[in-house]
Amino acid sequence: MTKTLFTTSVTVDGGREGTAISADGNFTVDIAMPGTPRAKQMPEASNPEQLFAAGYAACFDSALQSVGKIERVSFDSKVTASVSLLMGEMHQYSLAVTLAVKGSGVDKETFETLVHKAHQMCPYSKAINGNVDVAFEIEVD
């Protein structure tokens, strides 16, 4: 049986040129498409791809640390998610993601195995499976 851990809501008014506000008021961000007049007026504004990248990187790093605990492997990690907005034929939009996963305190073969297990565990990875191309860059110090 699935147990809901929590639910959050964010309302956006204005789409890619608007504002996002969480229901609890703890999160407010202006949104602007890069290169638009709004983005030039509001250089601090974010865009949906940055927001997705932040969520995915945070979630993936947590999944990676969880896998490490399950496997009893201790290491430090950092995840950078690069999200690209793509446009195909007939204005068909899609996303592509590259996850740059860096680890220290672990050998490369073990770390690669943990990264691939984390990809199976991470809710973001599961949500986009089969819909978004995800590439990995794995590095160990």
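Residues numbered from 1 in each chain as written. Predicted model: local features only at pLDDT ≥ 70, side-chain atom pairs only at ≥ 80, totals over all residues. Heavy atoms only, no water.

Undergrad: I'd like to hear about the packing of aromatic side chains, residue by residue, with values.
TA: The final tally for this structure, using the stated rule, is six aromatic pairs. Look at Tyr56 and Phe60: their rings are 6.4 Å apart centre to centre, the planes differ by 75 degrees, and that puts the pair in the edge-to-face class. Linking Tyr56 with Phe60, this pair stays in helix α2 (residues 48-71), spanning four residues, or about one helical turn. By the burial criterion, Tyr56 is buried, and Phe60 matches it. With centroids separated by 5.6 Å and ring planes inclined at 15 degrees, the aromatic side chains of Tyr56 and Tyr124 adopt a geometry described as stacked. You can see Tyr56 sitting in helix α2 and its partner Tyr124 sitting in helix α4 (residues 123-128), a full 68 residues away along the chain. On the basis of relative accessibility, which here comes to 0%, the residue Tyr56 falls in the buried class. The exposure class of Tyr124 is partly exposed, given its relative accessible area of 30%. An aromatic cluster of three or more residues is present, and its members are Phe52, Tyr56, Phe60, Tyr124 and Phe136. (Phe/Tyr/Trp six-rings, centres within 6.5 Å; stacked < 30°, edge-to-face > 60°. Helix = DSSP H or I, 4+ residues; strand = E, 2+ residues; numbered from the N terminus. Buried < 20%, exposed > 50% of the residue type's maximum accessible area, 1.4 Å probe, protein only.)

Undergrad: Explain the pattern of salt bridges residue by residue, including any values.
TA: All told, the structure shown has four salt bridges when counted by the stated rule. Here Asp30 makes a salt bridge to Arg38, at a shortest N to O gap of 3.7 Å. (Salt bridge = Lys/Arg side-chain N within 4 Å of Asp/Glu carboxyl O.)

Undergrad: Outline the nonpolar core, listing residues and values.
TA: Core analysis: the biggest nonpolar cluster contains 25 residues, and Tyr56, Phe60, Leu64, Leu99, Val101 and Phe111 have the highest contact counts within it. Sorting the residues of this core by element identifies α2, β4 (76-87), β5 (93-104) and α3 (108-121) as the ones contributing at least two each. By residue number, the principal contributor to this core is α2, which donates nine residues. Every residue in contact with Leu64, bar those within four places of it in the chain, is listed here: Phe75, Ser77, Val101, Phe111, Leu114, Val115 and Ala118. (Core = buried A, V, L, I, M, F, W, Y, C linked by side-chain atoms within 4.5 Å. Contact = heavy atoms within 4.5 Å.)

Undergrad: Run through unusual backbone geometry, naming residues and quoting values.
TA: In this model, Arg72 sits at a positive phi of 60 degrees, which is unusual for a non-glycine residue. Within the fold, Arg72 resides in the loop between α2 and β4. Its identity as a non-glycine residue notwithstanding, His91 has a phi of 55 degrees, on the positive side. Tracing the sequence through the fold places His91 in the loop between β4 and β5.

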